Amino acid sequence: IAAAASRGDVIIHDFIRDEHDVLLTLFDQIGVQYQLPNPKTIHILPGGDYQAVNVRTQPYPNFPSDLQAPLAVLL
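Calculation criteria
- Along each chain, numbering runs from 1 in the same order as the chain's sequence is written.
- Given that the model is predicted, a residue must reach a pLDDT of at least 70 before its local features are reported, and side-chain atom pairs must reach 80 or more before they are shown or counted; all residues, however, enter totals for whole chains, interfaces and linings.
- Side-chain metrics in this entry use all non-hydrogen atoms of the structure; hydrogen atoms and water are not considered.
- Helix and strand assignments come from DSSP, with helices taken as H or I runs of at least 4 residues and strands as E runs of at least 2, each series counted from the N terminus.
- Here's how the labels work: a residue is buried when its accessible area is under 20% of the maximum for its type, exposed when over 50%, partly exposed in between, all with a 1.4 Å probe on protein chains only.
- Throughout this description, a polar contact denotes any pair of N or O atoms lying within 3.5 Å of each other; where both atoms belong to protein, one of them has to be capable of donating a hydrogen while the other can accept it, and for residues adjacent in sequence the pair is counted only when both atoms sit in side chains.
- Contacts between residues were defined by any pair of non-hydrogen atoms, one from each residue, lying within 4.5 Å.
- Two strands form a pair only when DSSP identifies at least two bridges running between them.

**Regarding the environment of Ala3**
- Along the chain, the position of Ala3 falls in helix H1 (residues 2-5).
- Spatially, the C-alpha atom of Ala3 lies 9.8 Å from that of Val32, the residues being 29 residues apart in sequence.

Have a look at this one:
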């Protein structure tokens, strides 16, 4: 989320895609550009045309309340 908010170019290794489906769905809705070059890596790309979205925190596997504040900064 910090990489997207700063419009940085960041590669994160050991990214567990199955545990972040909700976050990736939000990234798609917001317009965050990213690539998943392999099953354990995410590449956050600079740029993108971000849109506001409505988010509701809920227990796993939904959007976690721990990410609410960082997401608010991104939005």
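What follows picks up the thread again.
**Some words on the side chain of Thr41**
- In this fold, Thr41 is placed in strand S3 (residues 41-44).
- By relative accessible area, which is 6% here, Thr41 ends up buried.
- In terms of polar contacts, Thr41 uses its side chain to reach the side chain of Asn38, at 2.9 Å.
- Excluding residues within four positions of it along the chain, Thr41 makes contact with Ile11, Ile12, His13, Phe15, Gln35 and Leu36.

**Examining unusual backbone geometry**
- Here the residue pair Tyr60 and Pro61 is connected by a cis peptide bond, since its omega of 20 degrees sits within 30 degrees of zero.
- Here Arg7, not a glycine, exhibits a phi torsion of approximately 55 degrees, which is positive.
- The class for Arg7 is partly exposed, based on a relative accessible area of 38%.
- Non-glycine residue Asp14 carries a positive phi angle of around 60 degrees.
- Within the secondary structure, Asp14 is located in the loop between strand S1 (10-13) and helix H2 (21-30).

**Some thoughts on the pairing of S3**
- Of the two faces of S3, the one lined by Thr41 and His43 and the one lined by Ile42 and Ile44 are each fully buried.
- Bridge analysis of S1 against S3 gives 4 bridges, and the strand direction is antiparallel. In the strand pairing of S3, His13 is matched with Thr41.
- As paired elements, strand S2 (residues 34-38) and S3 share 3 bridges and run antiparallel to each other. Within the sheet, the bridge partner assigned to Gln35 lies in S3 and is His43.
- The antiparallel hairpin formed by S2 and S3 contains 2 residues in its connecting segment.

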